Each structure stands twice: as C-alpha cells, then as structure tokens.
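Working through the structure, step by step
Residue strings, one per chain:
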Number of protein chains: 2
Amino acid sequence: MDKKTTIRDVAQRAGVSPSTVSRVLNPHAAVHMRPATRERVLEAIRELRYTPTKSAQRMRRQRGDIIGVLLPDISNPYFSLLARGAESIAFEEGYSTLICDSNHSVERESRYLDLLMAEQVDGIVFVPVGTPDWQRIQRLRDQGVRIVAADRCQDRLLGVEADNWHGSHCLTQHLLSLGYRQIAYIAGPLEVRTTQERLRGFQDAMRNAGLDPIVIRHGAYTFDSGYQLASEVLAGHSVDALMGGDDLVALGAMRAAESLGIDVPGQLGITGFDSVPLLSLIHPALTSVRIPVYEIGRESMTLLVRHIGTTDSPGDPTVLPVELVPGSSCRQCKEPSPRLDSSLTSSPHDRGGD
Amino acid sequence: MDKKTTIRDVAQRAGVSPSTVSRVLNPHAAVHMRPATRERVLEAIRELRYTPTKSAQRMRRQRGDIIGVLLPDISNPYFSLLARGAESIAFEEGYSTLICDSNHSVERESRYLDLLMAEQVDGIVFVPVGTPDWQRIQRLRDQGVRIVAADRCQDRLLGVEADNWHGSHCLTQHLLSLGYRQIAYIAGPLEVRTTQERLRGFQDAMRNAGLDPIVIRHGAYTFDSGYQLASEVLAGHSVDALMGGDDLVALGAMRAAESLGIDVPGQLGITGFDSVPLLSLIHPALTSVRIPVYEIGRESMTLLVRHIGTTDSPGDPTVLPVELVPGSSCRQCKEPSPRLDSSLTSSPHDRGGD
DNA sequence: ATGAAAGCGCTAACAC
DNA sequence: GTGTTAGCGCTTTCAT
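Heads up: these notes are all about the structure in this document.

Reading guide: rules and limits
- Residues numbered from 1 in each chain as written.
- Chains lettered and ligands numbered in written order.
- Predicted model: local features only at pLDDT ≥ 70, side-chain atom pairs only at ≥ 80, totals over all residues.
- Heavy atoms only, no water.
- Pairing = 2+ DSSP bridges.
- Helix = DSSP H or I, 4+ residues; strand = E, 2+ residues; numbered from the N terminus.
- Axes fitted to C-alpha atoms, helices over the stretch in contact; angles between N-to-C directions.
- Contact = heavy atoms within 4.5 Å.
- Buried area = accessible area lost by both parts, 1.4 Å probe.
- Salt bridge = Lys/Arg side-chain N within 4 Å of Asp/Glu carboxyl O.
- Polar contact = N/O pair within 3.5 Å; in protein donor to acceptor, adjacent residues only side chain to side chain.
- Nonpolar A, V, L, I, M, F, W, Y, C, P; charged D, E, K, R; others polar.
- Buried < 20%, exposed > 50% of the residue type's maximum accessible area, 1.4 Å probe, protein only.
- Arc of directions from axis to C-beta.

Residue and element names in this part refer to chain A. Pairing is parallel across the open sheet formed by 6 strands, whose spatial order is β2-β1-β3-β4-β5-β11. Either end of the sheet is taken by a strand with one partner, and the two such strands are β2 (96-101) and β11 (318-320). With strand direction ignored, the average angle separating the axes of adjacent strands in the sheet is 15 degrees. Those strands touched by helix α12 (residues 293-307) are β1 (66-71), β2, β3 (123-126), β4 (146-150), β5 (158-162) and β11, and its axis lies near 165 degrees from that of β5.

Given below as structure tokens:
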C-alpha cells in the first residue's frame, strides 16, 4: 500500500518549497510568480499525479468545498430528481455533495444535521420532514453554515419552492370547469408544508365557487395510503371527483376505483400532483400539476452557493411556476364554468434534465 | 459566528488533558480509566455540545468513517433504491456516505473516482458505467481503498449482482411455455454487463428450444429508446413477442405497439426486466423479472464494510436470486411447452425496504 | 518572487 | 490512569 503523495513530495521534485506549490494550487492567493517556476511545479504535480487531500485543506481553511443535501427519501423519484438538480450545480461550482436520507424521520434528520456539522459543510440544501430542529439549525448557522430550504420552505430560512397553492387552485378550477361538483380531497401529512399549501389552494377555489368539499382525509404520500383512503371515501360518500395529494396517492385512488368497478373518468374524475416523469406512462394519463423539481434542486443550490461566504439573511422564498397537465383521468370538457382562471403560468424554468 | 468548540475546550472544562478526552471518544483505545474522570469528560462534552471534527480525525487517522457510492444516475429509481440500501447499512455501521452521480459518463465517473480519492474514503460501492478506468481503480487500491462493484460486477473486483442470466433464461422459457415463438429482443447498451448477461440468458433459452431470435437490437435503457426500436422492429418483422432489456424499454415498446394499433397481449406479448416498484402500477401489468436491488445495495455495503481494514482479495461475485413476475402483458397460458424449467428461486432476500 | 515556520483539531506513542 | 509531545497535509503570515 503506497504512501500518500504530499505537497512536500511535489515541492521536492520541483525544487521549490511547499508554499510555492500551494500558491500554484490556490491562484486566488494572487501573488505573481515566475512562469518557469509555476511550470515546473505543474509538471511535478502531473508526474506525481498529486491531488491535494481534502481533509487537510478543510482543516486548515476551516471548511471547504462540500455541501450537504438532506432529504426525506432518495428512493422517491421526486426527491432524487431534486437531488440530481442540486448536485449538477454543485459539481459545476466545484463542490462535493454529501447526500443524506432522513427516511421521513425527524430524529434521523437531526442526526444528519449533526453529521453535516461535523463534516464542516459549507452549506446545506434542506428538504425538511415536518418541523425541523431549530436548535440544531441555529447552531449550524452560528458556525457559519448556510442553509437553503428546498421544496418545503420554512419561515426562518431562505428557500425555493413551487407554487403549490396556485397549482392546486388551478387544478381545482379545472375540475370545476369540467362540471365536477362533488369533490373529495385525499391529502398528505398535515405537518408537511406542501400539503398545507395544496389544501389551501383547493379550499380557496372551492369557496370561490360556493362549494364545500365532500370530505378531506389525510394520509401518507404513498400508493397504499391513497388506495386505502380512496376505498373508504368511495364507500362512504357520493363523489364525482377525487383529488390526490400527489400522483402516487392519485394512482392508489385510481386502482381503488377500478377494483370497485367505478369507471374513470366516466363516473369519477381523478387528479394528482407532481407529475414525476415515470408516472406519465400510466394509463389513463393522470390529470396533474407538473412541478419543476429538478429546477428546484438547481435553484436551491445556486442560491446556496451564491450565499456562501456572504452575510446571512432570511429572505423571501423563491417561488417557481407550475403547470397544469390535463389528462384522461378526467372527462375532457363539459358544462364549462364561467369563472375559469386561465392565467396558468407556462414555466420558462422547465425540466432542464437530461 | 461562534468559534468552533475543540477538544481542548472540553479538556479544560473537565480539568483533564486532551488525550483523556480523546480516549473517552475512542473507547477502542481500550485503556481503563477512572469512571469519575470519564463521567466528568462526558458531562463537559454534553454541556459544550462538542462534536469531534471529522476532517481533523480523518487527517490524523489517515482516512475514516466515509464511504463513496458511485452510480450512473441517482434519479433512476433502480439506482436510487440501490443507494438507499447501501446507505442504510453504512449509517448503521457509523459511516457517512458520499453519493456520486456519474451521469452515465465514464469521464465523469473518473472525475468522481479522483474526488473520492481526495476525500480519503475508506471504500467505494461502485456501479460502473461500462468499462471503468482501471488505472484509477488501481491507484485507489494502492491507497488501501476497498471497492465493491454493485449490480454490474467486474472481473478484478469484489462484487454483488443479481442472477441476470437465470432471470432472463426463465423469462424466455416462460414466453416459450406460453406458446410464443417469434421473439425479438430489444437490449440495452452492449458494454453494460447486465445487458450481456440478460442477452445470454435469452439466447441460451432460445437455442435450447431450437429457435432463433427474430432480431436483436441495442439501445439505451430508456423509454424513448424502447419506443423507437420497438416501432422499427414491429414495422419490419413479423413477431409475436417483444422482450425489453429493462422495464422502461418494455414500456416504450408497449406504447409503440399501442400506437400501431397492436393489441397487447392478444397479438403481441411484451416482457421487461427489473420490476421497479413504481412500474408495477402500470397497466397492463408487465411480465418481468424482479431484481432485489435494495438488497444488492445492502449486500454490497455489508461486504465492503466487512472488507475494510482487511487484506484485499478479488473473490467471486455474490449472486442474488431473482424472481419471475408474470403479468398481463403476455397471454396467460396456452400451448404449454414440455421443457419448462420451473426451478425459480423465490428470493429470501426480498425487498426489506420500508 | 519565494522560503521558513506556525499551526488548524485531533490521535497515538511514549512518559510518568 | 493520565499528561506530554509530536505530527497528519495543508495554507498563510512574515521574512527575505
């Protein structure tokens, strides 16, 4: 097992001092040096295949070149797309990313915040599970760690999110314009910010139309939860449309309707939320709201990187536009309502993924 | 911005020397100490909320507590499940994971190998894109970095993979037992090991049955590629079954058949491979082979952790069993063939996810 | 324009 | 049992 090549090896080989090598590596130190010297050093570096050791740099500089990405579940395509967006920017900017999976657990989330602290990250792109541990957040900040909330903004944090309220509002109006009236809503966990916003958008649109929801239920953002709750709702209430808190829930609802022999969209309209790429392959195509989640990742990281080394500030959330995606899980047009708001933002911040 | 709390602060507060604090933190150093002292130190740590700085430890110990996970695309649910499996073990074992996304690019992969080297990782769970950069791999090994190939084994590396050959063989036999005879295969990239294995399984089964494939085509593991190639194949050949290299490709094929007005499974049987959770929601349900990918992640990491600090050895790949998942994308039973191999392994290593 | 020297926070000999 | 000491590999004054 070889000995690690150090800056001294390079120095020796180039016939200079370690500090000179360091200066070649960190041009920001802006001193002028004889081109011949620099050249000799560069050559030695190449010959020895020298790579500076991150932990030593970090130790000396007190933090450097690493950013944490903390999210609830990397195996969820929604979050992994977000992570990928964030990572792409970080990589461009020369940062390493430490992706951490809190597994929807606030406790694990806190453990990871500690870990990120110990790793001396420069900043964190943070998708919180419910209400985060503010004490830890504060401690991180005191250490100068910048934090940007992604997808689920928090009052005291810089953040980037989608316009969930607007998306949900439009979606509801869309349903109404199609003639649906007896609408039930199967929401996600109440403590999650996006759940709240979507619910508000729905309720506001209903109120505007002078209607009341048939019923609102809460569950997890999973297929099973959607299936379960939809079955109950369909058994106990007379509804003509079911709105899911996200696409998975809506899909669960779709299968529930199917197994009850209810025709979609004939007897029942169904809507989702998120419009994750894979799900667009489902049949019948889900009426949903596309969230530019890859872009949320990129934008959060961009904001974070710009923010690092700058004075800390709370700042307003950046809100990214969403897009209504009509599908065949609702009837196509019927009984158009007079008060349709068609000011749907057609996002310039689109996908961008590859 | 607060000053970092160091081991000396703790020492001072507890009225002991830094080394004593260090000994409390690293019990493996196994010296006995007066319980009272240990208690005072622990209390000081608690009061000061002290966390040892990773980079300092790493520097001193020459590497520690960090493992890289390098894969082709974190936004692909297949790989993100693998990552999650790997991470879950690492977390249990007290390692941080550095998840890196090579974006299907060998060049980016090499860059990340360098980065992982600079980060002084203890080991790497590695899902290679095609043929890896052996020179870099060798350099990493020379530094004592252990590497385990996951999902796509490599000759000179320890590895964990699924029994792709067997899965593909069974799948083909399944098709044959259903009476399908004119079978075309739409494979993934030839340089990927799993592609090769699946192809071999298919070809061997066909040969055994005394049949020739109608045609074999290669493309990417994407929906679009599947759609494109399936359209071409269906236009130019008379086939009664289409096998996709993975589920996404099969899905593309399904949509291609649909848009050509071909009935599935009436006129055409379709099969996939992987059986990623989300896709099971598709309709008609894809006949596929379930790969325990979460388990591949866990197993690779387990192997890696056990391997760290041990002498390096090549070793045979660990092969995990797969499971045939019959679906409605093929006709149900017909013209049963006499030579069906029904020795399908029903995996004890199942999902395990939450 | 370059070198010498002093640590960053921690651990591991080696003393006592 | 516990303290003292000497660095790990790097950056950064401060000299020259």
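Moving on, there is more to tell.
A separate point is the interface of chain B and chain A. On the chain A side, the residues contacting the 55 residues of chain B number 55 residues. In this assembly, chain B packs against chain A so that about 5100 Å² is buried in total across both faces, 56% of it on carbon and sulfur atoms. Area buried by chain B at its contact with chain A is led by R84, F91 and L281 of chain B, which between them contribute 13% of it. Counting every contact that joins chain B to chain A gives 8 salt bridges. Close ionic contact of R84 of chain B with D73 of chain A constitutes a salt bridge, the shortest N to O distance being 2.9 Å. Here chain B and chain A share 20 residue pairs in polar contact (both at pLDDT 80 or more) between them. If you list the elements that add at least two residues to the side of chain B that touches chain A, you get α4 (54-61), α5 (77-92), β2 (96-101), α6 (106-118), α7 (134-142) and α11 (247-259) of chain B. Broken down by element, the residue count for the side of chain B that touches chain A peaks at 6 residues, all from α5 of chain B. For the side of chain B that touches chain A, the class distribution of residues is 22 nonpolar, 14 polar and 19 charged.

With that out of the way, let us pick up helix α2 (residues 18-25) of chain A. Residues and elements named next belong to chain A. Along α2, the positions that sit buried rather than exposed are T20, V21 and V24. Axial view of α2: buried residues confined to an arc of 100 degrees, hence all on one face. Considering only its buried residues, α2 is in contact with α1 (7-14) and α3 (35-48).

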